[in-house]
Amino acid sequence: MTHAPFVLDADNGADLHRIVIVGGGAGGLHLATRLAGTVGRRRVAEIVLVDRYPTHFWKPLLHEAASGHRDPANYHIEYAAQAKRHGFRFVQGALESVDRSACMATIGAVHDEDGAEMLPQRRVRYDSLVLSVGSVTNFFNVPGAALHALPLESVEHAEVFRRRFLAACTRANHGLETAGMRSMPAINISVIGAGATGVELAAALTHAVDQLSVYRFQALDPKRDVRIRLIEGGTRVLPALDERVSARTDAALRRLKVDVVTGASVAEVRADSLVTGSGDALASDITVWAAGVAGPAILNSLDGIALNAANRVIVTDKLQTPGDPRIFAFGDCAACPSATSSGFLPPRAQVAHQQAMYLGKAFAQRLAGKAVAGFAFRDAGTVVSLGKSGATYQTGGVSSRVLIVDGAAASGLYRLLYRKHLFGVSGMRHAVLEGLGQWLGRWSRPAIKLH
Ligand SMILES: Cc1cc2nc3c(=O)[nH]c(=O)nc-3n(C[C@H](O)[C@H](O)[C@H](O)COP(=O)(O)OP(=O)(O)OC[C@H]3O[C@@H](n4cnc5c(N)ncnc54)[C@H](O)[C@@H]3O)c2cc1C
């Protein structure tokens, strides 16, 4: 016998406007926290946050989790704890569908590790629905890519990469110790896409190999035995940034002995190699795909919601879907028109953060019956980390007026980004305490995760 899905508090008893936010990432968690502290606290609205996972992890730290420089366990925020502390409601489960005529979102069942159901499928009524489900890797239908290349979208992906990387180092080290294995190099790692994610991962990996060879794999010569290749289809690394930033970053990567290959598209990914557009086969034991993102597949199934070519929800400058003003979308999953170009704003944490701030204010105004202005993005610049080798910061604005800062000042700026996020979602006291705990932990543990 099948049961109709359970409806979560169809009536909240107080006739409150219910804002359901789906996706508690860089933007969604910030918005839920902010709304809970304003319209939620004033009992004007009820705030519900839905996420498929029980914890939040700030995605820009993923490359450091993949390289082993940060243990994700120390950087999670538990949604339930955040909800209790700030006064919103958390519902765990993945969005499955939206019934726009009934204003109901269907949230999928949640299963335990053995596959047994913990929570059934549920329906959540909304007055306003905010989609902030982020993005997924875009493999651009390159043969073999989805099967053999690893994406870097979640902590699970970072962990899969890290374990494969450690296993490859363990095997190579053992081979070098016992059989004097000298196949040159012993490990080939390919990172496809030299945007910020690819560059940051490649740089972090060079430092990781250095540190692992000190702590655990003494037979491994980081420069001789491990090849880290960064492959970019465009003519330069960081193609979205100023040419001077690209040139400096390229030089810094080469100093780190990253094999930078530009102007090379990847035509096929195999289990142990890559084939370039010109037919060259390159050995690759571990391949990471960092060449682009698209909106998650769930967005395709939302009836009447228009998407752009990258599967992102098309929104107005008020971040509403043109066909249904009760549905909003922001962050990576939204195609928000750019005021300075004919395209859309890029999928970046900075955009998601500013849009969360904007929506927090806009909901308060809307619920108070006030007029709401459109969202205006202010580019605060881009900082790209090269791990222990520093960072590069490019100010926002038009290219000819760009200011470039690198070295310690840019590294400091990069570290501040996460602190700013933590401060925004946890408040000053918690952010300082958490920051202190993380800092102390880093002093008492090896600089890299060794298992
Ligand atoms: C390795 C890496 C490094 C990066 N570095 C930078 C950087 O230095 N600077 C920068 O500006 N940007 C950076 N980015 C991009 C940045 O992380 C994203 O732009 C930002 O996280 C987008 O925020 P968001 O809230 O839109 O989505 P996300 O932060 O991705 O959050 C989406 C949330 O939705 C949830 N979700 C997804 N599907 C469902 C579903 N069906 N139902 C329920 N919940 C769902 C997810 O669990 C997640 O919690 C980086 C990204 C990566 C991967």
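Report on the accompanying structure. (Residues numbered from 1 in each chain as written. Predicted model: local features only at pLDDT ≥ 70, side-chain atom pairs only at ≥ 80, totals over all residues. Heavy atoms only, no water.)

Thoughts on the overall build of the chain
Across its full length, the chain carries 10 helices and 28 strands. What you see for the chain is a C-alpha radius of gyration of 23 Å, in line with the 22 Å of a compact globule of 451 residues. Projected onto its principal axes, the C-alpha positions of the chain cover 75 × 60 × 45 Å. Looking at the 451 residues of the chain, the share that counts as buried comes to 50%. Restricting the contact set of the chain to residue pairs at least 6 apart, pairs at least 24 apart contribute 65%. Accessible surface, the chain as shown: approximately 20,700 Å² in total, 54% of it carbon and sulfur. Side chains of the chain give 49 positive and 39 negative charges; the mean places of these two sets differ by 7 Å. (Helix = DSSP H or I, 4+ residues; strand = E, 2+ residues; numbered from the N terminus. Rg over C-alpha atoms; globule rule 2.2 N^0.38 Å. Buried < 20%, exposed > 50% of the residue type's maximum accessible area, 1.4 Å probe, protein only. Contact = heavy atoms within 4.5 Å. Areas by Shrake-Rupley, 256 points an atom, 1.4 Å probe, with all protein chains shown as cover. Lys, Arg positive; Asp, Glu negative; His and termini not counted. Charge placed at Lys NZ, Arg CZ, Asp CG, Glu CD.)

Some remarks on the site of the ligand
With respect to spatial proximity, 31 residues lie near the ligand, and among them Gly27, Asp51, Arg52, Leu95 and Asp332 are the closest. Leucine 95 is positioned such that a nitrogen or oxygen atom in its backbone is 2.8 Å from a nitrogen atom of the ligand. Between proline 347 and the ligand, the recorded distance is 3.3 Å, taken from a backbone N or O atom to an oxygen atom. Protein contact buries 90% of the 1,000 Å² of open area that the ligand shows by itself. Listed by contribution, the elements that provide at least two residues to the shell around the ligand are α2 (62–67), α6 (196–215) and α9 (349–367). Looking at the shell around the ligand residue by residue, the classes come out as 13 nonpolar, 12 polar and 6 charged. (Near = heavy atom within 4 Å. Polar contact = N/O pair within 3.5 Å; in protein donor to acceptor, adjacent residues only side chain to side chain. Nonpolar A, V, L, I, M, F, W, Y, C, P; charged D, E, K, R; others polar.)

Observations regarding unusual backbone geometry
A positive phi angle is found at asparagine 141, which is not glycine, with a value near 55°. Structurally, asparagine 141 can be placed in the loop between β13 (136–137) and α4 (145–148). Exposure remark for asparagine 141: the relative accessible area of 76% places this residue in the exposed category. In this structure, lysine 257 is a non-glycine residue whose phi angle is positive, near 70°. For lysine 257, the position within the fold is in the loop between α8 (243–255) and β16 (259–261). Its relative accessible area of 55% is what places lysine 257 among the exposed residues.

Topic: the nonpolar core
Core analysis: the biggest nonpolar cluster contains 109 residues, and Leu131 and Phe165 have the highest contact counts within it. The element best represented in this core is helix α5 (residues 155–178), accounting for 9 residues. The contact partners of leucine 131, leaving out residues within four places of it in the chain, are Val22, Leu95, Leu299, Leu302, Val313, Ile327, Phe328, Ala329, Phe330 and Cys333. (Core = buried A, V, L, I, M, F, W, Y, C linked by side-chain atoms within 4.5 Å.)

Here we look at the sheet that holds strand β20 (residues 286–289)
Pairing is parallel in the open sheet, where 4 strands are placed in the order β16-β15-β14-β20. The sheet is open, and its two borders are formed by β16 and β20, each paired with just one other strand. With direction set aside, neighbouring strand axes in the sheet form an average angle of 15°. Two strands pair when backbone bridges link them, and strand β14 (residues 187–192) and strand β15 (residues 226–231) are joined in this way by 6 bridges, in the parallel orientation. Residue pairing in the sheet places isoleucine 187 in a bridge with valine 226 of β15. (Pairing = 2+ DSSP bridges. Axes fitted to C-alpha atoms, helices over the stretch in contact; angles between N-to-C directions.)

Examining a nonpolar patch on the surface
On the surface, a cluster of nonpolar side chains totalling about 510 Å² of accessible area is made up of Leu436, Trp439, Leu440 and Trp443. Looking at where tryptophan 439 falls in the secondary structure, it is placed in helix α10 (residues 408–444). (Patch = residues over 30% accessible without salt bridge, like charges linked within 9 Å, V, L, I, M, F, W, Y side chains within 5 Å. Salt bridge = Lys/Arg side-chain N within 4 Å of Asp/Glu carboxyl O.)

Digging into the sheet that holds strand β18 (residues 273–276)
Pairing within the open sheet is antiparallel, and its 3 strands lie in the order β17-β18-β19. The open sheet has two edge strands with one neighbour each: β17 (266–269) and β19 (281–283). Along the sheet, successive strands turn relative to each other by an average axial angle of 25°, direction set aside. For β18 and β19, the ladder comprises 3 bridges, and the chain directions are antiparallel. Along β19, the bridge assignment pairs leucine 274 with leucine 282.

What to know about the environment of alanine 219
Tracing the sequence through the fold places alanine 219 in the loop between α6 and α7 (222–225). Residue alanine 219 is classed as partly exposed on the basis of its relative accessible area, which comes to 24%. Along the backbone, alanine 219 and asparagine 173 are 46 residues apart, and their C-alpha atoms lie at a distance of 5.5 Å. With near-sequence residues (within four places) excluded, alanine 219 lies in contact with Asn173, Leu176, Glu177, Arg224 and Asp225.

Quick word on the packing of helix α3 (residues 79–86) against α10
Close contact between α3 and α10 brings their axes to 11 Å; oriented N to C, the two are set at 75°. Between α3 and α10, the crossing angle belongs to the class labelled roughly perpendicular. Listed contacts from α10 to Gln82, Arg85 and His86 of α3 are Val425, Ser426 and His430. Residue classes in the contact of α3 with α10 are distributed as 1 nonpolar, 4 polar and 1 charged. (Parallel < 35°, antiparallel > 145°, perpendicular 65-115°, else oblique.)

Concerning the packing of aromatic side chains
The final tally for this structure, using the stated rule, is 7 aromatic pairs. With 4.9 Å between their ring centres and 25° between their planes, tyrosine 79 and phenylalanine 90 make a pair best called stacked. Of this pair, tyrosine 79 sits in helix α3 while phenylalanine 90 sits in strand β6 (residues 89–92), placing them 11 residues apart in sequence. Joined through ring pairs, the aromatic side chains of Trp58, Tyr75 and Tyr418 make up one cluster. The residue whose ring lies beneath arginine 70 is tyrosine 418, and the NZ or CZ to ring-centre distance is 5.9 Å. (Phe/Tyr/Trp six-rings, centres within 6.5 Å; stacked < 30°, edge-to-face > 60°. Lys NZ or Arg CZ within 6 Å of the ring centre and 35° of its normal.)

Here's the deal with the packing of helix α1 (residues 28–40) against α3
Here α1 crosses α3 at 20°, and the two axes come no closer than 9 Å. As summarised for this structure, α1 and α3 are arranged roughly parallel, according to the angle between their axes. Along this stretch, α1 crosses α3, giving a crossing that reads as right-handed. Of α3, the residues touching α1 (which contributes Leu29, Thr33, Ala36 and Gly37) are Tyr79, Gln82 and His86. Class assignment of the residues belonging to the contact of α1 with α3 gives a composition of 3 nonpolar, 4 polar and no charged. (Left-handed = near helix turned anticlockwise from the far one by under 90°.)

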